[in-house]
Amino acid sequence: MTDYLFEPTAPATIPIIGSDKLYPVNRIFCVGRNYEAHAAEMGAVVDREAPFYFTKSPTTLVMAEGEIAYAPRTENYHYEMELVFALKSGGTNIAEADALTHIYGCAAGLDMTRRDLQNKAKENRKPWDTAKDVDESAVITPLRQMSEVPSVASGRIHLSQNGTVKQDADLSEMVWSVPEIIADLSTMYTLQQGDVIYMGTPAGVGAVSRGDVLAGGVDGIGDFELKIV
Ligand code: MN
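Residues numbered from 1 in each chain as written. Predicted model: local features only at pLDDT ≥ 70, side-chain atom pairs only at ≥ 80, totals over all residues. Heavy atoms only, no water.

(A) Looking closely at the nonpolar core. Leu-83, Leu-110 and Val-196 are the most contacted members of the largest nonpolar core, which totals 68 residues. Looking at this core element by element, the count peaks at six residues for strand 8 (residues 81-87). Look past the residues within four positions of Leu-83 in its chain and what remains in contact with it is Cys-106, Ala-107, Val-152, Ile-157, Leu-171, Met-174, Val-178, Ile-197, Tyr-198, Met-199, Val-218 and Ile-221. (Core = buried A, V, L, I, M, F, W, Y, C linked by side-chain atoms within 4.5 Å. Buried < 20%, exposed > 50% of the residue type's maximum accessible area, 1.4 Å probe, protein only. Helix = DSSP H or I, 4+ residues; strand = E, 2+ residues; numbered from the N terminus. Contact = heavy atoms within 4.5 Å.)

(B) Region of interest: the sheet that holds strand 18 (residues 222-228). The mixed open sheet is built from five strands, whose spatial order is 6-18-17-13-14. Every interior strand has two partners, whereas the edge strands, strand 6 (67-68) and strand 14 (164-170), have only one. Here strand 6 pairs with strand 18 via two bridges, running parallel. Each bridged residue has a counterpart across the sheet, and for Ile-68 the counterpart in strand 18 is Ile-228. (Pairing = 2+ DSSP bridges.)

(C) Up close: the pattern of salt bridges. Counting across every chain of the model gives six salt bridges. Asp-111 serves as the salt-bridge partner of Lys-56, at 2.8 Å between the closest nitrogen and oxygen. Residue Lys-56 is located in strand 4 (residues 52-56), and its partner Asp-111 is located in strand 9 (residues 103-111); the two are separated by 55 residues in the primary sequence. For Lys-56, a relative accessible area of 3% gives the class buried. A salt bridge links Asp-111 to Lys-132; the shortest N-O distance between them is 2.9 Å. Here Asp-111 is found in strand 9, whereas its partner Lys-132 is found in helix 4 (residues 129-132), with 21 residues between them in sequence. According to the relative accessible area criterion, Asp-111 is buried, its value standing at 0%. (Salt bridge = Lys/Arg side-chain N within 4 Å of Asp/Glu carboxyl O.)

Now the structure itself:
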């Protein structure tokens, strides 16, 4: 038995629809600016040169239900509604044609963001970590197994805040498709089972306040309702 100084933290896990097993999370990757209209509202132009990524610690994962904490050290905490997928296998230099075979399942998620810190980081050419790698910021629904997922290429993705629709788009509007992201990311990392990828948000992002009810989902994949406290 390994003689750890203290008990290692148990892995973050995601429940699986139709299974008693839990999906153990290895890493969380997030795609930036993957919908043209969202890039535009952030004052950026999408290029087709290369996707870009940032990461969140697995410890930031929280289920999309009940109450989610408003993050400290921000006055502008934003929701970003996203398609999420989770790998069952990985590798390097994965071909686009094989990419979908590595996915275990999909979920709906929120990439909660300290927008004020992100904007300041952009201005000062500093990293995004404290804007994105925020406790309880990787919000996710239970995983739907790939055999039950209608599509990762099309389908409605939407979010409402206190009953008002704020984000309403289609997965087909993604600049980089799921197979393209798996292929590209696997040229930079050896992808592994347990890796979870957030696919970027459509237009309509905005700030939350304590007490807000967020309801969202991706058609055929997952729906949620939660309260910011
Ligand atoms: Mn995002």
